[in-house]
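Residue-level structure breakdown
Listed here are the chains, written in short residue letters.
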Amino acid sequence: MNIWNCPADIPADFSCVATIGIFDGVHKGHRVIIDKVIDAARERSIASAVLTFDPHPATIHCPEADVRLIMPVQDRLNTLEAMGVDATWLATYDRELSLLTPDDFVRQYFVEALGARHIIVGEDVRFGLNNSGDLTTLSELGNQYNFTVESVADMCDDDGHRWSSTRVRQLLSEGDVLGAGRILGRAYRLRGEVQHGYKRGRDLGFPTANLPASDLGVVPADGVYAGWLIRTVPGTSSVEKLPAAISVGTNPQFNNTSVTVEAHVLGRADLNLYGEQVALDFVRHIRPMMAFDSVETLLERMDDDLLQTARILGVPPAYRVDPAKVTAK
């Protein structure tokens, strides 16, 4: 897949079927649109193209909202490539772009740069100054600039909620990683570098890989989750997918104040993950974060967390490890 960052990167004779969006998470609703773009491009024997943006427009319009990405930009590009998109224009979203009128935006980006012959968008598309351009505007501009427009109806849950990145963020904020995964079409994933933590878990028989929440994307609500830790084995191209109980929160049992994401790989005392980039896939919420009357009560509940995690993931049950056998220092 060709990846472009500015109009100068795009061949002068380029023509395409295109779409536009942030596509954060590349959820199932996004995939319907992108698949249609790819199919329409093949029918016309021209390229398929996605116009997307970095940073997220909210960082310009509502910086105080601290909107975090569901999916890192590189993962977004990798996913588009895997779907079969021919080219993606990763345009810089800045104040200058935000002030373009709908006409100027369409002319500069779709007509002059991308040579779009057909544009496929969701029915809720918005673009141009103050989001004043919509589907009707785009169709009118298509008549003016000689491209056709096709809209795709919103996709919804059984309960009527529209599939959207906003909806995914809401579900994650509620700890409903299962619901978020239904929209995404896969388990929700966080990526980060394993760092040293307080190292209490190893002394309790639950060594963990610690990821500071401040370095991550959208962090699910505080609680304990069943999931997977995915790593590339150092020095190889082999990828390991390891069953893990994942804790999100400040760990109120020990009066911590910083939110961390900690993953305990079931039954493993031999992992040294410090400095590694790992991914965590969140499969299902087990329980909320809480403080217990004693450390012994906490350990009993953590033992149960491990059994629930194994049952949810369909792996053999595991128990706390011998602290003396933990190899990571």
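In this report, we go over the structure that sits alongside the text. (Residues numbered from 1 in each chain as written. Predicted model: local features only at pLDDT ≥ 70, side-chain atom pairs only at ≥ 80, totals over all residues. Heavy atoms only, no water.)

Some points on the overall build of the chain
Heads up, the rule is: Labels follow the DSSP assignment, with helices taken as runs of H or I lasting at least four residues and strands as runs of E lasting at least two, numbered in each case from the N terminus. Burial status follows relative accessibility: with a 1.4 Å probe on protein chains alone, a residue under 20% of its type maximum counts as buried, one over 50% as exposed, and anything between as partly exposed. We call two residues in contact when some of their heavy atoms are within 4.5 Å. Here the open area of atoms and residues is found with the Shrake-Rupley method and a 1.4 Å probe, where only the protein chains shown may cover a residue. None of His or the chain ends enter the tally, which takes Lys and Arg as positive and Asp and Glu as negative. Charge positions are represented by NZ for Lys, CZ for Arg, CG for Asp and CD for Glu.
Across its full length, the chain carries 10 helices and 12 strands. If you line up the chain on its principal axes, its C-alpha atoms span 70 × 40 × 35 Å. Burial status across the chain gives 49% buried among its 329 residues. In the chain, 72% of the contacts between residues at least 6 apart in sequence involve partners at least 24 apart. When the accessible surface of the chain is totalled, it reaches about 15,500 Å², and 47% of it is carbon and sulfur. With 31 positive and 44 negative side-chain charges, the chain shows a spacing of 6 Å between the two charge centroids.

Notes on the packing of aromatic side chains
To keep things clear, this is the line we draw: Pairing of aromatic rings covers Phe, Tyr and the six-membered ring of Trp, with a centre-to-centre limit of 6.5 Å; geometry is then stacked below 30 degrees between planes, edge-to-face above 60, and tilted otherwise. Whether a charge sits over a ring depends on NZ of Lys or CZ of Arg being within 6 Å of the ring centre and within 35 degrees of the ring normal.
Per the counting criterion, the structure on display carries 8 aromatic pairs. Taking the centre distance of 4.8 Å and the plane angle of 20 degrees together, the rings of phenylalanine 105 and tyrosine 109 count as stacked. You can see phenylalanine 105 and its partner tyrosine 109 sitting in helix α5 (residues 102–113), 4 residues apart, about one turn around the helix. With a relative accessible area of 12%, tyrosine 109 lands in the buried category. Lying over the aromatic face of tryptophan 228, lysine 241 brings its terminal NZ or CZ to 5.0 Å of the ring centre.

Comments concerning the pattern of salt bridges
As a reminder, the rule being used: In what follows, salt bridge is the name for a side-chain nitrogen of Lys or Arg lying within 4 Å of a carboxyl oxygen of Asp or Glu.
Throughout the structure, instances matching the rule amount to 14 salt bridges. Notably, a salt bridge pairs arginine 107 with aspartate 104, separated by 2.9 Å at the nearest N-O pair. With arginine 107 and aspartate 104 both in helix α5, this residue pair falls 3 residues apart, about one helical turn. The exposure class assigned to arginine 107 is partly exposed, which follows from its relative accessible area of 24%. According to the relative accessible area criterion, aspartate 104 is partly exposed, its value standing at 27%. The salt bridge involving aspartate 305 is made with arginine 287; its shortest N-O contact spans 2.9 Å. With aspartate 305 in helix α10 (residues 295–313) and arginine 287 in strand β12 (residues 277–287), this pair connects stretches of sequence that are 18 residues apart. According to the relative accessible area criterion, aspartate 305 is buried, its value standing at 4%. Owing to a relative accessible area of 4%, arginine 287 belongs among the buried residues under this scheme. Beyond isolated ion pairs, a larger network of salt bridges with shared partners links Asp104, Arg107 and Glu112.

Side note on the sheet that holds strand β10 (residues 239–249)
For clarity, the threshold we go by: Two strands qualify as a pair provided DSSP detects at least 2 bridges between them. To get an axis, fit a line to the C-alpha atoms, keeping to the stretch in contact for a helix; angles then go from 0 to 180 degrees between the N-to-C directions.
If you trace the 6 strands from one edge of the open sheet to the other, you get β7-β12-β9-β10-β11-β8, paired in antiparallel fashion. Either end of the sheet is taken by a strand with one partner, and the two such strands are β7 (188–193) and β8 (209–212). Each strand axis lies, on average, 35 degrees off the axis of its neighbour in the sheet, ignoring direction. Strand contacts of helix α8 (residues 177–184): β7, β9 (223–232) and β12, with the helix running at about 120 degrees to β12, the strand carrying the most contacts.

Side note on the side chain of threonine 19
Our working rule: Pairs of N or O atoms within 3.5 Å make up the polar contacts considered here, provided that, within protein, one atom can donate a hydrogen while the other can accept it, and that residues adjacent in sequence are counted only when both atoms are side-chain atoms.
Following the sequence through the fold, threonine 19 ends up in strand β2 (residues 16–20). The buried category is assigned to threonine 19, whose relative accessible area is 0%. From its side chain, threonine 19 meets the backbone oxygen of isoleucine 120 in a polar contact 2.6 Å long. Setting aside residues up to four positions removed in sequence, threonine 19 forms contacts with Ile33, Val37, Ala49, Val50, Leu51, Phe110, Ile120 and Val121.

A few points about α8
The buried fraction of α8 amounts to 6 of the 8 residues, a majority that puts the element mostly inside the structure. By the burial criterion, the buried members of α8 are Val177, Gly179, Ala180, Gly181, Ile183 and Leu184.

Side note on the packing of α5 against helix α6 (residues 135–145)
As a reminder of what qualifies: Orientation categories follow fixed angle ranges, with anything under 35 degrees roughly parallel, anything over 145 roughly antiparallel, 65 to 115 roughly perpendicular, and all other angles oblique. For a crossing to be left-handed, the near helix must be turned anticlockwise from the far one by less than a right angle; the clockwise case is right-handed. Think of it as three bins: nonpolar holds Ala, Val, Leu, Ile, Met, Phe, Trp, Tyr, Cys and Pro, charged holds Asp, Glu, Lys and Arg, and polar takes everything else, Gly as well.
In contact at an axis separation of 11 Å, α5 and α6 are set at 60 degrees when each is read in the N-to-C sense. Put simply, α5 runs oblique to α6. Seen from above, α5 lies across α6 with right-handed handedness. Across the interface between the two elements, Pro102, Asp103, Val106, Arg107 and Val111 from α5 touch Thr137, Leu138, Leu141, Gln144 and Tyr145 from α6. The class makeup of the residues in the contact of α5 with α6 is 6 nonpolar, 2 polar and 2 charged.

Section: the environment of glutamate 296
Along the polypeptide, glutamate 296 turns up in helix α10. For glutamate 296, a relative accessible area of 53% translates into the label exposed. Put simply, glutamate 296 and valine 32 are 264 residues apart on the chain and 50 Å apart in space, counted from C-alpha to C-alpha.

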